[in-house]
Amino acid sequence: MKTALTIAGSDSCGGAGIQADIKTMTAHGVYAMSAVTALTAQNTAGVSGVIETPPEFLKRQIDAVAEDIFPDAVKTGMIPSAAQILAVCECARRLKLPNIVVDPVMVATSGARLIDDGAVSVLRESLLPLALLATPNVPEAQVLSGIDISSEADMEKAAESIFRRYGCAVLVKGGHSLSDANDFLFSHEGGRWFFGKRVENPNTHGTGCTLSSAIASNLAKGLPLASAVEKAKRYVSLCLSDMLDLGKGSGPMNHAFAIKGAY
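Just so it is clear, the model here is predicted, and its values are computed rather than measured. (Residues numbered from 1 in each chain as written. Predicted model: local features only at pLDDT ≥ 70, side-chain atom pairs only at ≥ 80, totals over all residues. Heavy atoms only, no water.)

Assignment of secondary structure puts Asp183 in strand β8 (residues 183-187). Leave out the neighbours within four places in its chain, and Asp183 touches Met155, Leu171, Val172, Lys173, Gly174, Arg192, Trp193, Phe194, Leu211 and Lys233. (Helix = DSSP H or I, 4+ residues; strand = E, 2+ residues; numbered from the N terminus. Contact = heavy atoms within 4.5 Å.)

One non-glycine residue, Lys96, adopts positive backbone phi at about 55°. For Lys96, the position within the fold is in the loop between α3 (82-95) and β5 (100-102). Positioned with a positive phi, Asn99 is a non-glycine residue whose angle comes to about 50°. Note on placement: Asn99 falls in the loop between α3 and β5.

Sheet architecture is open: nine strands sit in the order β3-β2-β1-β4-β5-β6-β7-β8-β9, paired in mixed fashion. With partners counted over all chains shown, the strands left at the sheet margins are β3 (46-52) and β9 (190-194), one partner each. Pairing geometry for β5 and strand β6 (residues 133-134), over two bridges, is parallel. Note on β6: the bridge partner recorded for Val101 is Leu133. This element, helix α2 (residues 55-68), spans β1 (3-11) and β2 (31-43) of the sheet and lies at about 155° to β2. (Pairing = 2+ DSSP bridges. Axes fitted to C-alpha atoms, helices over the stretch in contact; angles between N-to-C directions.)

All right, on to the pairing of strand β4 (residues 73-76) then. A regular strand carries its side chains on alternate faces of the sheet. A two-sided burial pattern is seen for β4, the buried positions comprising Ala73 and Lys75 on one face and Val74 and Thr76 on the other. Bridging between β1 and β4 involves four bridges; their strand directions are parallel. Bridge assignment links Thr6 to a residue of β4, and that residue is Lys75. Relative to β5, β4 is paired through three bridges, and the arrangement is parallel. (Buried < 20%, exposed > 50% of the residue type's maximum accessible area, 1.4 Å probe, protein only.)

Let us now look at the nonpolar core. Judged by nonpolar contacts, the single largest core of 44 residues is most densely connected at Leu5, Ile7, Ile62, Ile85, Leu127 and Leu128. In terms of nonpolar packing, the next biggest core, distinct from the first, is built from 23 residues, Leu211, Leu219, Ala228 and Val229 among them. (Core = buried A, V, L, I, M, F, W, Y, C linked by side-chain atoms within 4.5 Å.)

This part covers the pairing of β1. Counting buried residues along β1, nine of its nine residues qualify, which places the element largely inside the surrounding structure. Where β1 meets β2, eight bridges bridge the pair, whose relative direction is parallel. In the strand pairing of β2, Leu5 is matched with Met33. For the handedness criterion, the β-α-β arrangement of β1, helix α1 (residues 17-27) and β2 is classed as right-handed. (Right-handed = clockwise from strand over helix to strand, strands pointing away.)

Another point: the environment of Tyr263. On the secondary structure map, Tyr263 appears in the segment after α8 (225-241). Sequence separation between Tyr263 and Ser121 is 142 residues; the distance between their C-alpha atoms is 49 Å.

Two numbers describe how helix α7 (residues 207-220) lies on α8: the axes approach to 8 Å, and their chain directions differ by 140°. Relative to α8, α7 is oriented oblique. Crossing hand, α7 versus α8: right-handed. Residues Thr207, Thr210, Leu211, Ala214, Ile215, Asn218 and Leu219 of α7 form the contact with α8, whose participating residues are Leu225, Ala228, Val229, Lys231, Ala232, Lys233, Tyr235, Val236 and Leu240. Tallied by class, residues from the contact of α7 with α8 come to eleven nonpolar, three polar and two charged. (Parallel < 35°, antiparallel > 145°, perpendicular 65-115°, else oblique. Left-handed = near helix turned anticlockwise from the far one by under 90°. Nonpolar A, V, L, I, M, F, W, Y, C, P; charged D, E, K, R; others polar.)

None of this, on its own, says anything about what the molecule does.
So this is what it looks like as structure tokens:
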């Protein structure tokens, strides 16, 4: 059985973070493991508190996983501090962690800031060069590239700029009121659009976490990058299309839409 490790924060309401990652990896038939960067007190309406994991203990989690069940792919999500990011980078280099997918989580769906200013530059300069793929949304891609994005052409420029600067493939997600759920991938093979139909579902909590975890799962199973992205987009669309409606804010998707629970 293939394995994947998520390095991210915990979402107490289960729709995003390591909970979404584990559900997604399990739905893909991949054995999921986790290293927790932070505990959050949150629900679909917002984040009311965050407690960060000490960097040395974060490293101990990653080391404990890798020395026993080495991951076939790694997904990183919310890593709130520069010290934590440096700890993850040290582990990634020393352990030679493969197929690293970086979801550069900066702001929650509810609008809460999830990473400090100092961590952004460390993420750019230290973590992205170790990644196979980064999956920024439009606001995140603007921060990483320094390019204002207001069109599909801008998405293309930003993706190529990040790739040229940091060496990792980049999937700029167009779901933030731009490009109607179309995403643009730039890699060593050049640029490619992945077209998607926007699902009219207001419950989008954890979509970014889910997409990056689905891509990592597909990479763990040996799929080429473009195929991993294509299948992951389809999975997210099906999760949204199930129209789960929980919570008072932007609710979670149904990661288990294909799991029937009949034994």
